[in-house]
Amino acid sequence: MDTIEPAGRQEPTASQRAASLKERVYISFTSLAVVLALRSHADETTPAAAAATLTIVVVGSLLGIFVADLLSHLTVHAKLPSRPQLNHMIAVSTESLSVLVTPILLLTAAGLGLWSTAVALQWAIVVLVVTLFIIGYLAIRRLDLPFRHKALIVFAEVVLSLLVIALELLAHNL
């Protein structure tokens, strides 16, 4: 017997999945940059101020990405996105907010006195780096490549991620 799919939600295309992945990586790096900067001033900030700063930067970045997606769609297609395309753009931005969950929970715990702001921000850094690693793994797990090639890709991602972190720290310390 044939199964009838509900008419509502369609599976994202490969280009939509790629755009979603790209946005998640970008927002993770943006969050990491903010948390690294906040960590260097942890003694001068409160958990609430750190959480507000991180949230404002991430939401602002997501709105900027949404505007860029909308403008690039208009430029390429010379028309507004269809409802499913617009819904996908909104969903990608909304889903990318998930990057905030763990850092905000860590900062909330600091606000409740469970640990210091510095400890919360240090753990947020660890979580964001692990998030980037997981995103990279998920991106390559289905590739039809030998394990050594996949390992090389993950290694390259880690090296490039560390380079980004080093540049962010360098820029903050200038």
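Check the entry above for the structure.
Notes on the structure follow. The shown structure was predicted, so the numbers you read here are calculated from the model rather than taken from an experiment. (Residues numbered from 1 in each chain as written. Predicted model: local features only at pLDDT ≥ 70, side-chain atom pairs only at ≥ 80, totals over all residues. Heavy atoms only, no water.)

The next subject is the nonpolar core. In this structure, Ile-27, Leu-32, Val-35, Leu-54, Val-58, Leu-107 and Leu-121 are the most contacted members of the largest nonpolar core, which totals 27 residues. When residues of this core are traced back to their parent elements, those giving at least two are α1 (14–39), α2 (47–77), α4 (101–111) and α5 (117–140). If near-sequence neighbours (up to four positions away) are discounted, Leu-107 is found in contact with Pro-47, Ala-50, Ala-51, Thr-117, Ala-120 and Leu-121. (Core = buried A, V, L, I, M, F, W, Y, C linked by side-chain atoms within 4.5 Å. Buried < 20%, exposed > 50% of the residue type's maximum accessible area, 1.4 Å probe, protein only. Helix = DSSP H or I, 4+ residues; strand = E, 2+ residues; numbered from the N terminus. Contact = heavy atoms within 4.5 Å.)

To continue, consider the environment of Ser-28. Within the fold, Ser-28 resides in helix α1. The class for Ser-28 is buried, based on a relative accessible area of 0%. In this structure the C-alpha to C-alpha distance between Ser-28 and Leu-100, which are 72 residues apart in sequence, comes to 8.9 Å.

Looking now at the packing of α1 against α2. Viewed as axis vectors pointing N to C, α1 and α2 meet at an angle of 150°, and their least axial separation amounts to 10 Å. Relative to α2, α1 is oriented roughly antiparallel. Crossing of α1 over α2 shows right-handed handedness. Where α1 abuts α2, its residues Glu-23, Tyr-26, Ile-27, Thr-30, Ser-31, Val-34, Val-35 and Leu-38 lie against Ala-50, Thr-53, Leu-54, Val-57, Val-58, Ser-61, Leu-62, Ile-65 and Asp-69. Broken down by class, the residue content of the contact of α1 with α2 amounts to eleven nonpolar, four polar and two charged. (Axes fitted to C-alpha atoms, helices over the stretch in contact; angles between N-to-C directions. Parallel < 35°, antiparallel > 145°, perpendicular 65-115°, else oblique. Left-handed = near helix turned anticlockwise from the far one by under 90°. Nonpolar A, V, L, I, M, F, W, Y, C, P; charged D, E, K, R; others polar.)

Nothing here speaks to function; it is all geometry.
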